[in-house]
Amino acid sequence: MQLKCGTYAHPEGSDAQDAETQKKRDVLANDVFIRRTEWAGHLAGMASEEMDTPYQIAGQHPRGKYLLVFDPLDGSSNIDVNMTVGSIFSVLRSPKELEDMPREQQRDVVEADFLQAGSTQVAAGYALYGPSTMLVLTVGTGVHGFTLDPTLGEFMLTHPAMQVPADTQEFAINASNARFWEAPVKRYVDECLAGKPGPRGKDFNMRWIASMVAEAHRILMRGGVFLYPRDTKDASKPGRLRLLYEANPIGMVMEQAGGRASTGEKPMLDVQPSSLHQRIGLVFGSRNEVERIERYHAEPVQTNLHNPLFAERSLFRD
Ligand code: F6P
Ligand code: MN
């Protein structure tokens, strides 16, 4: 197994709060994913946040039709303080040429095999290690939540057909990045903060756990909108979160639950990936809020906010 090195701290554990620093438990969780899945004959290969390059199924195991892509422990800056973290996964079909070939003639999986738009995912979901352990899963026919019964060691279907409410009064964003936000994001957040007397005409609540999978679960349970938008903080990073194992699986869950996931400009699941560890701006949650944020991105930057004809609740807006 190849593990990240270089810019990543050694995996002996770290008390750094930076969610990007590889922790001992990130490495352990990655290893558990591999050990629990590679022998079963379903997978042709795997890719994960914790491995620089695709993982090859060991020679003694049969290979299958699917590729597993995962973030073994999301929100890992929360580990040291015993707060909620989770595992995110996405299942893709492996290339047809590999499926049709006998095991001994199959080539290794390569990065390009994983560069499939989110709309091609055959399954996605996450496990959440909160007050109770849950598995939330979609295979393209809605989203279903299972809760671990620790006495039986079984996941029970406790939340069938989960739905994200279309409207919300709750948003999640790391406000310490406000000075780096682009104008449409600034506008959206300013309008939420303006509350009842502002253009939205209602008060908003704000939450930030710094564990995207936990925020996604809260939004699935009671609505809300999450933003980790592209910003100007670091020109080498077009967004913070990763397309293949964070944005796409959570995007599929949201869309399957009647919510929406977007880059801010277009549906997340339409994005053609260009690299395994690609970062992207991510907005997801209650459909009407995500559509509003997309609208703000599509509209020309407002210079006439003082003009009541163009205000949010004027004749010129729906
Ligand atoms: O995987 C990255 C991650 O840990 C997400 O789970 C979370 O939303 C984000 O980073 C937190 O970022 P920040 O440290 O900027 O709040
Ligand atoms: Mn993560």
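(A) Expanded view of the sheet that holds strand E15 (residues 282-285). Read from one edge to the other, the open sheet built from five strands follows the order E10-E9-E11-E15-E13, with strand pairing classed as mixed. One side of each edge strand has no neighbouring strand; the edge strands of this open sheet are strand E10 (205-206) and strand E13 (260-262). Sitting on the sheet, helix H5 (residues 212-222) is in contact with strand E9 (170-172), strand E11 (225-228) and E15, with an inclination near 30° to E15. Against the sheet, helix H7 (residues 287-298) makes contact with E11, E13 and E15, and its axis sits at roughly 25° relative to E13, the strand it touches most.

(B) Representation of the environment of Glu191 within the structure. Relative to the helices and strands, Glu191 is located in helix H4 (residues 183-194). Along the sequence, Glu191 and Lys202 sit 11 residues apart, while their C-alpha atoms lie 9.6 Å from each other.

(C) Broad picture of the site of ligand 1. Around ligand 1, the structure places 13 residues, and the nearest of them are Asp74, Trp208, Met212, Tyr228 and Glu246. A distance of 3.0 Å is found between an oxygen atom of ligand 1 and a side-chain nitrogen or oxygen belonging to Arg240. For ligand 1, whose free accessible area comes to 400 Å², the fraction covered by protein is 89%. Split into classes, the residues belonging to the shell around ligand 1 amount to seven nonpolar, three polar and three charged.

(D) A look at the confidence of the model for the chain. When pLDDT is averaged across the chain, the result is 91; 89% of the residues are at 70 or more. Across residues 4-16, confidence stays below pLDDT 50; counting only partners more than four residues off in sequence or on other chains, it has 24 contacts.

(E) Representation of the sheet that holds strand E4 (residues 85-93) within the structure. Pairing in this open sheet of eight strands is mixed, and the strands run E2-E1-E3-E4-E5-E6-E7-E8 from one edge to the other. In this open sheet, the two strands that pair with only one neighbour each are strand E2 (55-56) and strand E8 (154-159). Relative to E8, strand E7 (residues 143-149) runs antiparallel, the two being bridged by five bridges. Counted as the bridge partner of Leu148 is Phe155 from E8. Contacting strand E1 (43-48), E2, strand E3 (66-74) and E4, helix H1 (residues 24-37) runs over the sheet at an angle of about 150° to E3. Those strands touched by H5 are E3, E4, strand E5 (123-129), strand E6 (133-138), E7 and E8, and its axis lies near 100° from that of E5.

(F) Quick look at the pairing of E7. Direction of pairing for E6 relative to E7: antiparallel, over a ladder of five bridges. Counted as the bridge partner of Val136 is Gly145 from E7. With antiparallel pairing between neighbouring strands as the criterion, E6 and E7 make up a hairpin whose turn holds four residues, including Gly140 at a positive phi of roughly 95°. Taking the residues that link successive antiparallel strands as the turn, the E7-E8 hairpin has four residues, and the phi of Gly153 there is positive, at about 70°.

(G) Examining the pattern of salt bridges more closely. By the definition in use, this model includes 17 salt bridges. In this structure, Arg107 engages Glu97 in a salt bridge whose closest nitrogen and oxygen atoms are separated by 3.4 Å. In this pair, Arg107 sits in the loop between helix H2 (96-99) and helix H3 (111-114) while Glu97 sits in helix H2, placing the two residues 10 residues apart along the sequence. For Arg107, a relative accessible area of 30% corresponds to the partly exposed category. Take Glu97: its relative accessible area is 44%, and that puts it in the partly exposed class. Across the salt bridge formed by Arg222 and Glu170, the nearest N and O atoms sit 2.9 Å from each other. Placement of Arg222 in helix H5 and of Glu170 in strand E9 is noted, with a sequence separation of 52 residues between them. Exposure remark for Arg222: the relative accessible area of 46% places this residue in the partly exposed category. Through salt bridges with shared partners, one network takes in Glu170, Glu215, Arg218 and Arg222.

(H) Quick look at unusual backbone geometry. Non-glycine residue Asn82 carries a positive phi angle of around 55°. Mapped onto the secondary structure, Asn82 falls in the loop between E3 and E4. At Ala161, a position not held by glycine, the phi torsion is positive, near 45°. Within the element layout of this structure, Ala161 appears in the loop between E8 and E9.

(I) Representation of the layout of surface pockets in the model. The volume enclosed by the second largest pocket comes to roughly 440 Å³. Forming the boundary of the second largest pocket are Val32, Phe33, Arg36, Thr37, Ser87, Phe89, Ala127, Tyr129, Thr133, Leu135, Leu137 and Phe155. For the lining of the second largest pocket, the elements supplying multiple residues, two or more each, are H1, E4, E5 and E6. Among the residues making up the lining of the second largest pocket, the classes are represented as eight nonpolar, three polar and one charged.

(J) Structural context of H4. End to end, H4 covers 16 Å across 12 residues, agreeing with the expected 16 Å (1.5 Å per residue, within 8%). Buried within H4 are the following residues: Pro184, Val185, Arg187, Tyr188, Val189, Glu191 and Cys192. Those residues of H4 hidden inside the fold are in contact with E9, E11 and H7. A positive backbone phi angle near 60° is found at Gly195, which sits one or two residues after H4.

Reading the values: rules and limits
- Residues numbered from 1 in each chain as written.
- Chains lettered and ligands numbered in written order.
- Predicted model: local features only at pLDDT ≥ 70, side-chain atom pairs only at ≥ 80, totals over all residues.
- Heavy atoms only, no water.
- Pairing = 2+ DSSP bridges.
- Helix = DSSP H or I, 4+ residues; strand = E, 2+ residues; numbered from the N terminus.
- Contact = heavy atoms within 4.5 Å.
- Axes fitted to C-alpha atoms, helices over the stretch in contact; angles between N-to-C directions.
- Near = heavy atom within 4 Å.
- Polar contact = N/O pair within 3.5 Å; in protein donor to acceptor, adjacent residues only side chain to side chain.
- Areas by Shrake-Rupley, 256 points an atom, 1.4 Å probe, with all protein chains shown as cover.
- Nonpolar A, V, L, I, M, F, W, Y, C, P; charged D, E, K, R; others polar.
- pLDDT = per-residue confidence, 0-100.
- Salt bridge = Lys/Arg side-chain N within 4 Å of Asp/Glu carboxyl O.
- Buried < 20%, exposed > 50% of the residue type's maximum accessible area, 1.4 Å probe, protein only.
- 1 Å grid on protein atoms, 1.4 Å probe; cavity = no way out; pocket = protein on both sides within 12 Å on 5 of 7 lines; lining within 4 Å.
- Points joined across faces, edges and corners; volume = space filled by probe spheres on them.
- Expected span 1.5 Å × (residues − 1).

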